[in-house]
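Take a look at the letters that make up each chain.
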Amino acid sequence: MTPTTPADVTRAALIRLHPPPVDNATHPPPPTWQHGGVTAATHSTLFPQVPDTADAVLDGLDPEQRAVATALHGPVCVLAGAGTGKTRAITHRIAYGVRSGILQPNSILAVTFTNRAAGEMRGRLRHLGAGGVQARTFHAAALRQLQFFWPKAVGGELPRIVDRKIQLVADAAAACRIRLERGELRDVTAEIEWSKVTQTVPADYAAAAAKTGRLTPRNNAETAQIYATYETLKRDRTLIDFEDVLLLTVGILQDRHDIAEQVRSQYQHFVVDEYQDVSPLQQRLLDLWLGDRDNLCVVGDASQTIYSFTGATPDHLLNFRTRHPGATVVKLVRDYRSTPQVVHLANTLLSHAKGRAAEHRLELISQRDRGPEPAYTDYADEPTEAEGTARHIRTLIDNGVSAGEIAILFRTNGQSEIYEQALADAGIPYQLRGAERFFERAEVRKAGHALRSAARFGNNDSLLDDAVDLPSQVRAVLSGEGWTSQPPDGSGAVRERWESLAALVRLAEDFARAKPTATLTDLVAELDERAAAQHAPTVEGITLASLHAAKGLEWDAVFLVGLAEGMMPITYAKTDEQIEEERRLLYVGVTRARHHLSLSWALSRSPGGRPNRRPSRFLDGIRPGTSGAAARNTSTGQGGIEHGTPSTPRTTTGPVRRRTARTVARCHVCGRTLTDAGEMKLMRCEDCPSDMDEGLYERLRDWRADQAQQLGQPAFCVFTDKTLIAIAEAMPEDAAQLARIPGVGMRKLNRFGTDVLTICAGGAPDTGVGGVDEDD
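Residues numbered from 1 in each chain as written. Predicted model: local features only at pLDDT ≥ 70, side-chain atom pairs only at ≥ 80, totals over all residues. Heavy atoms only, no water.

## Concerning the overall build of the protein chain
1) Next: Helices and strands together make up the secondary structure of the protein chain, namely 28 helices and 17 strands.
2) Next: Taken over 776 residues, the protein chain has a buried fraction of 50%.
3) Next: Element-wise, carbon and sulfur atoms account for 50% of the exposed surface of the protein chain, whose accessible area totals about 36500 Å². (Helix = DSSP H or I, 4+ residues; strand = E, 2+ residues; numbered from the N terminus. Buried < 20%, exposed > 50% of the residue type's maximum accessible area, 1.4 Å probe, protein only. Areas by Shrake-Rupley, 256 points an atom, 1.4 Å probe, with all protein chains shown as cover.)

Pasting the structure below:
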């Protein structure tokens, strides 16, 4: 009989279960974040000094990040915008808990969605002195548990995981006498994966696909037939797939309470990164791991939900406060990654969004100095766009931007080839994102063996006779593997191998700078740890990647290409929900850029073709010379900490103080959201017209000069130029109006308010230093 519910699916897979019996110094005070103590969320030191105390782990965190790091009990939800240091916040939270003795390393399970992200988390925790914490993907954590408990729960060996799922789907289609083209085969495979992570059985597939409005590659009944046959073939061949790893783990934990309790006794604290990407099946597994406990910290951003086609949904993130009324919610909106110009574009892009995720968008505030304006370029055709992009990249490289800090991002992988050719023609090295893992590359494995051999037997190696330090030893060893001081000409496999070896050389140089006494043996140990954590060094070369593959990454310069209707949004995005996901995908692309951002599109596909394409609708109202729908001011995005209402009373020493919500700063001329500190003081965009009273401004400047001279301080210590401009524009009539002007504040209001209001009213203030400063 065909299973009809998710529970039936897992129980059918575990039909052979036979329940067995249950087995019985003092640290100097850190600089405050207001005075430069915050360290950047990106560009961190490659080999940082391990903090010497638990409190030192908190050094350099801003107030919201520190709130995350010190919230070690109960449910915690971190709503973190792009570039706000979410990974930094949660890794410091784990490290602070471990270093302070509150959390035991082996009792923590941190889960995320990619091996790269898990590797980065393990690497950061190691550098914070919190080794031993399990940081894994959902699948890796589930597979580890499944392998351990399978003999006890089911008996025998765990079935082999299918190597090539797409081939098995092809066999299933053939058995159903359904012919699938190559593209259809890939799409049907994706439909089966979606069905399994949403816990949809074959009999329910057609109804579920119709209900969610999925654009299916074949007739729903045919897809359901292939899906059912695929499951039968797996069972007959004693195979499981990656989705089965989650399903079977869920089945064991549901049916065997003794095993579930054993897992819960091991893991008592859970951290989930990228929580907006959790599927219903992953959420079910997380619930089983937790049991009736609430020691859970989740972090995510609904505006970066771009994998709904795989079953991911932001609902679990958006409903977290409903499920956990006592949760602490922390919003991270200080963007340490991107310039105000990039942040403004990103905020404006989302201000036009619709839907539930848009209602919870975060308004980012750049913490960086101003940079260049984003560039918008249209080209006659796609080859010209690729060539123009390559020329701009060459200019950036010539001006000192590292090739490894530049990326070209596109909507589909099929757009890659033309850019590969353009870069090769321009002699610019590149790498394709999503290729083989660094430490699994043949040349890297071979180089590792050579370095390990040199570390053990180097005294007898003539190559090392003239090597005076660690970097020169590494260069000498790798020269025998194909490394040269200058890269080879052209591109292709030879250049890719050289780039891999060059990355190892640079890593050795950085390692030696951080640890001057390090030996070749120490470097080999470091490489082994990095390989285990999949913490790869940077490979020089332009990155070519799809927008989906770029999630979680960042570069100094980003080129978003092919932004024409039909590609962005993609032509098959029909429903409102699908269109909004395309907008979020572009938002992810925009927020990958630190400093330089270029957006381009081609008016036709081929040279001489009809120029009938138009730029993406998402750029309407953003790029110069266009108008679009009015921005929707639905953001709830100011940063801060909100403490939930506990479901059961808790003893406190006093009432909980809640942070007062801050209003969004908007230009009083055009109404757009302001993110630049200077513009926020003016309360308008720099480019918007000013209605300043010039005479009042000059009188304020003269008064400020007198005050500064008498105080013996620079003029800006009284008021900055922008604050004076804002005062001259607002012409406040009373203290309340003056206090609302950014840059005034209560201290300066008490000290200089009477003088300023007198000048604004047309009078002359008393001579002498204004007011009395209680702090003097």
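The structure having been displayed, the exposition proceeds.
## Some remarks on unusual backbone geometry
1) Next: For the peptide bond that leads from methionine 568 to proline 569, omega is 0 degrees, which places it in the cis range.
2) Next: Tracing the backbone through its elements, the reader meets proline 569 in the loop between β15 (555-560) and α23 (576-590).
3) Next: A positive phi is found at glutamine 199, a non-glycine position, where the angle reads about 60 degrees.
4) Next: The residue glutamine 199 is located in the loop between α7 (182-197) and α8 (205-212) in this model.

## Observations concerning the packing of helix α5 (residues 138-153) against helix α12 (residues 280-290)
1) Next: Viewed as axis vectors pointing N to C, α5 and α12 meet at an angle of 50 degrees, and their least axial separation amounts to 12 Å. Comparing the axis directions of α5 and α12 gives the class oblique. By crossing handedness, the relation of α5 to α12 is classed as left-handed. Contact residues: Phe138, His139, Ala141, Ala142 and Gln145 in α5; Gln282, Leu285 and Trp289 in α12. (Axes fitted to C-alpha atoms, helices over the stretch in contact; angles between N-to-C directions. Parallel < 35°, antiparallel > 145°, perpendicular 65-115°, else oblique. Left-handed = near helix turned anticlockwise from the far one by under 90°. Contact = heavy atoms within 4.5 Å.)

## Section: the nonpolar core
1) Next: The biggest cluster of nonpolar side chains holds 44 residues, and the ones touching the most others in it are Leu253, Val272, Tyr275, Leu285, Trp289 and Leu296.
2) Next: If near-sequence neighbours (up to four positions away) are discounted, leucine 253 is found in contact with Gln145, Ile259, Ala260, Val263, Leu285, Leu288 and Trp289.
3) Next: Grouped together as the second largest cluster of nonpolar side chains are 36 residues, Ile306, Leu350, Ala564 and Leu597 included. (Core = buried A, V, L, I, M, F, W, Y, C linked by side-chain atoms within 4.5 Å.)

## Digging into the pattern of salt bridges
1) Next: One pass over the structure, following the stated rule, counts 37 salt bridges.
2) Next: Of the charged contacts in the structure, one is a salt bridge between glutamate 363 and arginine 361, with a shortest N-O distance of 3.1 Å. Just as glutamate 363 is buried, arginine 361 falls in that class too.
3) Next: A salt bridge links glutamate 554 to arginine 594; the nearest nitrogen and oxygen atoms lie 2.9 Å apart. Of the two residues, glutamate 554 is situated in the loop between β14 (542-546) and β15 and arginine 594 in strand β16 (residues 593-602); the sequence distance between them amounts to 40 residues. (Salt bridge = Lys/Arg side-chain N within 4 Å of Asp/Glu carboxyl O.)

## A few points about helix α2 (residues 63-70)
1) Next: For α2, the full list of buried residues reads Glu64, Gln65, Ala67, Val68 and Ala69.
2) Next: Sitting at the amino-terminal end of α2 is aspartate 62, which places a side-chain oxygen 3.1 Å from the backbone nitrogen of glutamate 64. (Polar contact = N/O pair within 3.5 Å; in protein donor to acceptor, adjacent residues only side chain to side chain.)

## Concerning the environment of threonine 543
1) Next: On the secondary structure map, threonine 543 appears in strand β14.
2) Next: Sequence separation between threonine 543 and isoleucine 408 is 135 residues; the distance between their C-alpha atoms is 6.2 Å.
3) Next: With near-sequence residues (within four places) excluded, threonine 543 lies in contact with Ile406, Ala407, Ile408, Gln431, Arg433 and Trp555.
4) Next: Among the polar contacts made by the side chain of threonine 543, one reaches the side chain of tryptophan 555 at a distance of 3.4 Å.

## Digging into the confidence of the model for the protein chain
Low-confidence regions, as indicated by low pLDDT, have predicted coordinates that should not be scrutinised in detail.
1) Next: Looking at the protein chain, pLDDT values average 81 and 81% of them are 70 or higher.
2) Next: Confidence, expressed as mean pLDDT per element, reaches its minimum in the protein chain at helix α1 (residues 6-13) with 44 and its maximum at β15 with 97.
3) Next: The low-confidence segment residues 629-635 (pLDDT under 50) makes 17 contacts with residues lying over four places distant or belonging to another chain.
4) Next: Segment residues 647-664 is flagged for pLDDT under 50; beyond a separation of four residues in sequence, or across chains, it makes 16 contacts in the model. (pLDDT = per-residue confidence, 0-100.)

## Things to note about the packing of aromatic side chains
1) Next: Tallied over the entire structure, the rule returns 9 aromatic pairs.
2) Next: Between phenylalanine 113 and phenylalanine 138 the ring centres are 5.5 Å apart and the planes differ by 55 degrees, which places this aromatic pair in the tilted class. Placement of phenylalanine 113 in the loop between β2 (108-112) and α4 (115-127) and of phenylalanine 138 in helix α5 is noted, with a sequence separation of 25 residues between them.
3) Next: Judged by relative accessible area, phenylalanine 113 falls into the partly exposed class, the value being 25%.
4) Next: According to the relative accessible area criterion, phenylalanine 138 is buried, its value standing at 1%.
5) Next: Relative to phenylalanine 719, the ring of tryptophan 703 lies with its centre 6.3 Å away and its plane at 35 degrees, an arrangement referred to as tilted. Of this pair, tryptophan 703 sits in helix α25 (residues 694-711) while phenylalanine 719 sits in the loop between α25 and α26 (721-730), and the two are 16 residues apart along the sequence. (Phe/Tyr/Trp six-rings, centres within 6.5 Å; stacked < 30°, edge-to-face > 60°.)

## So, the sheet that holds β14
1) Next: In spatial order, the strands read β11-β16-β15-β12-β14-β13; together these 6 strands make up an open sheet with parallel pairing. Looking at strand neighbours, the two that pair on one side only are β11 (375-379) and β13 (430-432), the edges of this open sheet. Within this sheet the neighbouring strands show an average axis-to-axis angle of 20 degrees, counted without direction.
2) Next: In the sheet, β15 pairs with β16 via 5 bridges, with the strands oriented parallel. Bridged to tryptophan 555 within β16 is alanine 593. (Pairing = 2+ DSSP bridges.)

## A look at the pairing of β16
1) Next: Across the 10 residues that make up β16, a large majority, 8, are buried.
2) Next: Here 5 bridges tie β11 to β16, and the two strands are oriented parallel to one another. Note that in β16 the partner of threonine 377 across the bridge is serine 600.
3) Next: The parallel pair β15 and β16 is bridged by α23, and the resulting crossover is right-handed. (Right-handed = clockwise from strand over helix to strand, strands pointing away.)

## Describing the side chain of histidine 316
1) Next: On the secondary structure map, histidine 316 appears in helix α13 (residues 315-318).
2) Next: The residues touching histidine 316, leaving out its near neighbours within four places in the chain, are Tyr275, Val278, Ser279, Pro280 and Gln283.

## Points about a negative patch on the surface
1) Next: A surface patch of negative charge is lined by Asp693, Glu694, Glu698, Asp702 and Asp706.
2) Next: Turning to its location among the elements, aspartate 702 is positioned in helix α25. (Patch = residues over 30% accessible without salt bridge, like charges linked within 9 Å, V, L, I, M, F, W, Y side chains within 5 Å. Lys, Arg positive; Asp, Glu negative; His and termini not counted. Charge placed at Lys NZ, Arg CZ, Asp CG, Glu CD.)

## Focus: helix α10 (residues 242-255)
1) Next: Taking 1.5 Å of rise per residue, 14 residues should cover 20 Å, and α10 covers 20 Å from first to last C-alpha, within 8% of that figure.
2) Next: Across the 14 residues of α10, 12 count as buried, placing the element largely inside the fold.
3) Next: Those residues of α10 that sit buried are Glu243, Asp244, Val245, Leu246, Leu247, Leu248, Thr249, Val250, Gly251, Ile252, Leu253 and Gln254.
4) Next: Structurally, the start of α10 carries an N-cap: the backbone nitrogen of glutamate 243 is 3.1 Å from a side-chain oxygen of aspartate 241. (Expected span 1.5 Å × (residues − 1).)

## Looking at the packing of helix α19 (residues 442-457) against helix α20 (residues 470-479)
1) Next: Relative orientation of the contacting elements α19 and α20 amounts to 125 degrees, with a least axis distance of 10 Å. As summarised for this structure, α19 and α20 are arranged oblique, according to the angle between their axes. In terms of crossing hand, the pair formed by α19 and α20 is right-handed. Between α19, through Ala447, Ala450, Leu451 and Ala454, and α20, the contact on the second element is made entirely by Val474, Val477 and Leu478.
2) Next: Along the lines of polarity and charge, the residues of the contact of α19 with α20 split into 7 nonpolar, no polar and no charged. (Nonpolar A, V, L, I, M, F, W, Y, C, P; charged D, E, K, R; others polar.)

## Points about the environment of phenylalanine 559
1) Next: Its location among the elements puts phenylalanine 559 in strand β15.
2) Next: When the C-alpha positions of phenylalanine 559 and isoleucine 406 are compared, they lie 7.9 Å apart, and in sequence the two are 153 residues distant.
3) Next: If we ignore the near neighbours within four places in the chain, the residues touching phenylalanine 559 are Thr389, His392, Ile393, Leu396, Ile406, Ala407, Ile408, Leu409 and Ser598.

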